[in-house]
Amino acid sequence: MIVAEQKPLAEIMELLGDARKVLVVGCGTCVTVCFAGGEKEVGILASALRMMSKLEGHPMEVDEATVQRQCEWEYIDPLEERLGEYDVVLSLACGIGVQAMNERFPDTLTLPGLNTTFLGLPEEQGVWEERCQACGDCILGLTAGICPIARCSKQLLNGPCGGSQNGVCEVDPDIPCAWQLIWERAVKLGRVDQLLEIQPPKDWSKSRDGGPRKIVREDLRLVEAE
Amino acid sequence: MAEERANGYKSGSNLEKILRAGHFAVTAELGPPQGADPEDILRKARILKGVADAVNITDNQTAIVRMSSIASGVLAMSEGLEPVVQMTCRDRNRLAIQADLLGAYALGMRNLLCLTGDHQSFGNHPTAKNVHDLDSVQLIRMVKDMRDEGCFQCGDAIKGVVPRFFIGAAANPFGDPFEFRPYRLAKKVAAGADFIQTQLIYDIPRFREFMKRVVDMGLHEKVYILAGVGPLKSSGAARYMRDKVPGMIVRDEYVERMVAAIKGIPKEDKKARREAWRKTGIQICIEQIQEIREIEGVAGIHIMAIEWEEAVRPIVEGAGLLPRPTVE
Ligand code: SF4
Ligand code: SF4
């Protein structure tokens with residue numbers, strides 16, 4: 001899932017500037033699961049904004065809404081009729097939700113209330129960690145199912161750097177070394193041979209480097225492509 | 001160039017010739033300044049001249065910005081020192097690396113050490129974006145293909161003069177997973193490494209175990225392995241390396257010897273303590289070289305005494321490795 005965390009309240013206040021009427025819009029999917037922008041967080045943030053703005057002497061009117069998925073037109077379209085009333089929208093969705101709102105409703109500015117942080121999973125209650133950087137050319141089949149793109153601090157493809165020691169990454173003793181994990185699992189699975197082959201330079205053109213990536217599935221499209 | 005090919009050398013560098021002739025090689029290290037004064041390089045080059053067969057010029061070592069390795073190498077060469085240019089994957093993508101290698105070769109550089117690079121969070125620009133377009137194994141292969149296939153990483157032919165480097169790589173026998181380390185070295189050899197310089201050794205038994213595996217795999221016959229050593233500066237420095245530097249192992253015996261070195265010298269007498277430390281540090285290093293030399297598969301020594309270049313001569317001399325041989 002997409003993992004995000006809320007921006008500091010002071011930053012949000014500054015983003016809102018002199019807006020007097022604000023709609024806070026949450027999302028019922030990833031950011032609900034990671035407790036950053038679901039209905040509950042929307043409620044808490046909305047009251048914090050009301051209080052803060054009152055304390056600062058220019059009270060803000062803050063309304064709340066949460067849609068099931070802020071990244072799909074059909075879920076956000078129903079918001080349209082309400083938007084005219086607000087100076088701005090504050091979205092508690094990931095960056096995709098924020099952009100979906102801005103794209104769908106060009107006359108209303110939607111501001112981000114979260115920092116979208118990574119694609120990951122909850123390792124335990126209250127702890128999330130990154131697992132994938134959506135590199136566009138998945139190599140998990142070559143690395144014992146553990147991603148060195150997201151989990152090695154240097155995105156190495158041919159084994160550990162010189163700084164790996166006692167299972168942790170040279171960057172931070174709290175980060176497990178991805179290559180230690182890959183090695184151990186490959187040994188366990190009897191797939192060490194795979195790690196001894198030289199992996200050629202990665203094709204980063206499938207990654208973040210060429211403008212927005214796009215997938216078109218003709219089999220699923222409703223309109224015929226020209 | 002044709003001449004070098006004819007006599008079978010890959011690059012024709014002094015380091016390559018020394019190793020090919022079967023001499024026990026000596027390399028050292030020169031750290032470029034955090035400023036633009038050429039004299040900083042020239043002064044260090046004069047100190048190191050004649051005591052090492054080639055000298056590594058670090059590339060933004062520990063992710064701190066310094067004069068570039070190639071530019072410093074050109075300066076060092078003007079003092080008669082043969083440089084080993086260092087190139088990390090942290091700061092440059094494949095375009096920048098290849099462009100710099102063409103330039104380095106045009107400027108007379110012949111040895112190249114291919115490195116991953118320390119993480120930027122250690123240095124003075126921790127908010128920088130790292131590159132890691134290639135890793136060190138891929139970098140080695142690219143440099144080899146430039147030399148032996150005459151082509152760029154993309155496959156296009158290099159036009160005219162082809163850069164022919166003597167290709168070096170690093171190995172860390174003290175990193176984990178230990179079992180993987182000899183294989184990682186094998187990958188670097190398969191990718192095209194001609195010589196290896198190891199991480200600083202302060203645990204000879206573990207290095208011996210590593211070399212045993214390397215020799216069992218026959219790697220020492222395919223690549224020249226230079227063992228990394230360096231003089232300890234003080235007991236504090238020894239402790240720091242033991243406890244704080246990722247990827248290093250320092251046996252307690254070395255820390256204890258450094259502590260014992262200043263026994264009886266009053267704390268206030270900083271100068272005497274420093275002298276005592278340095279003497280012991282150099283002595284330990286000499287003893288290590290003598291011990292390491294006996295290990296099968298070791299083709300030379302790489303002495304890392306950054307910001308203490310003066311120590312290299314007494315070490316090389318003490319180890320009985322002077323004068324350095326010349327090979328025509
Ligand atoms: S290899 Fe790429 S796609 Fe696969 S998990 Fe890693 S970043 Fe994601
Ligand atoms: S220590 Fe491990 S995870 Fe960290 S950069 Fe090196 S190989 Fe990658």
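Overview of the structure. (Residues numbered from 1 in each chain as written. Chains lettered and ligands numbered in written order. Predicted model: local features only at pLDDT ≥ 70, side-chain atom pairs only at ≥ 80, totals over all residues. Heavy atoms only, no water.)

Within chain A, the regular secondary structure consists of nine helices and nine strands. Taking all 226 residues of chain A together, 41% fall into the buried category. Considering only contacts within chain A whose residues lie at least 6 apart along the sequence, 59% involve residues at least 24 apart. For chain A, the accessible surface area stands at approximately 12,600 Å², while carbon and sulfur atoms represent 53% of it. (Helix = DSSP H or I, 4+ residues; strand = E, 2+ residues; numbered from the N terminus. Buried < 20%, exposed > 50% of the residue type's maximum accessible area, 1.4 Å probe, protein only. Contact = heavy atoms within 4.5 Å. Areas by Shrake-Rupley, 256 points an atom, 1.4 Å probe, with all protein chains shown as cover.)

This part covers the sheet that holds strand 4 (residues 111-115) of chain B. Residue and element names in this part refer to chain B. Spatially, 1-2-3-4-5-6-7-8 is the arrangement adopted by the eight strands of the closed barrel, whose pairing is parallel. The average angle at which neighbouring strand axes cross in this sheet is 30°, direction not considered. Looking at chain direction, strand 4 and strand 5 (residues 166-171) are connected through four bridges and run parallel. Across the sheet, the residue bridging to Leu113 is Gly168, located in strand 5. Across the sheet, helix 6 (residues 136-149) lies against strand 3 (83-88), strand 4 and strand 5, angled at about 150° from strand 4, the strand it touches most. (Pairing = 2+ DSSP bridges. Axes fitted to C-alpha atoms, helices over the stretch in contact; angles between N-to-C directions.)

Let us look at the site of ligand 2. All names here are of chain A. All residues in the neighbourhood of ligand 2 are listed as Cys152, Ser153, Lys154, Leu156, Pro160, Cys161, Ser164, Cys169, Glu170, Cys177, Ala178 and Trp179. If you map ligand 2 onto the pockets, it falls in the largest cavity. The residue makeup of the shell around ligand 2, split by class, is eight nonpolar, two polar and two charged. (Near = heavy atom within 4 Å. 1 Å grid on protein atoms, 1.4 Å probe; cavity = no way out; pocket = protein on both sides within 12 Å on 5 of 7 lines; lining within 4 Å. Sits in = over half its atoms within 2 Å of the grid points. Nonpolar A, V, L, I, M, F, W, Y, C, P; charged D, E, K, R; others polar.)

Our focus in this paragraph is the nonpolar core. By size, the foremost hydrophobic cluster in this structure holds 90 residues, and its most contacted members are Phe165, Leu185, Phe207, Ile292, Ile301 and Ile303 of chain B. With eight residues, the single largest contributor to this core is helix 11 (residues 270-293) of chain B. Other than its neighbours up to four places away in sequence, Ile292 of chain B contacts Ile201, Ile204, Phe207, Ala227, Val229, Val298 and Ile301 of chain B. Within the second largest apolar cluster, 25 residues are counted, among which are Val22, Cys27, Cys34 and Val62 of chain A. (Core = buried A, V, L, I, M, F, W, Y, C linked by side-chain atoms within 4.5 Å.)

What follows is about the site of ligand 1. Close to ligand 1 lie Arg131, Cys132, Gln133, Ala134, Cys135, Cys138, Ile139, Leu140, Cys147 and Ile149 of chain A, which account for all nearby residues. Looking at the shell around ligand 1, its residues break down into eight nonpolar, one polar and one charged.

Another point: the sheet that holds strand 6 (residues 114-124) of chain A. Sheet strands line up and pair through hydrogen bonds in the backbone, either parallel or antiparallel. Residues and elements named next belong to chain A. Within the open sheet, the three strands sit side by side as 1-6-7. Their pairing is antiparallel. Lying at the two open borders of the sheet, with one neighbouring strand each, are strand 1 (2-6) and strand 7 (127-132). Within the sheet, the average angular offset between the axes of one strand and its neighbour, ignoring direction, is 70°. Two strands pair when backbone bridges link them, and strand 1 and strand 6 are joined in this way by five bridges, in the antiparallel orientation. By the bridge assignment for strand 6, Ile2 is matched with Leu119.

This brings us to helix 5 (residues 94-106) of chain B. The periodicity of an α-helix, 3.6 residues per turn, causes residues three or four places apart in sequence to face the same way. All names here are of chain B. Along its 13 residues, helix 5 runs 18 Å from first to last C-alpha, staying within 8% of the 18 Å computed at 1.5 Å per residue. Where helix 5 is concerned, the buried positions are Arg94, Ile97, Gln98, Leu101, Ala104 and Tyr105. Viewed along the axis of helix 5, the buried residues span an arc of 125°, placing them on a single side of the element. Across helix 5 from its buried face, at more than 90 degrees, point the exposed residues Leu95 and Ala106. The opening residue of helix 5, the one whose side-chain oxygen lies 3.1 Å from the backbone nitrogen of Leu95, is Asn93. A positive backbone phi angle near 105° is found at Gly108, which sits one or two residues after helix 5. (Expected span 1.5 Å × (residues − 1). Arc of directions from axis to C-beta. Polar contact = N/O pair within 3.5 Å; in protein donor to acceptor, adjacent residues only side chain to side chain.)

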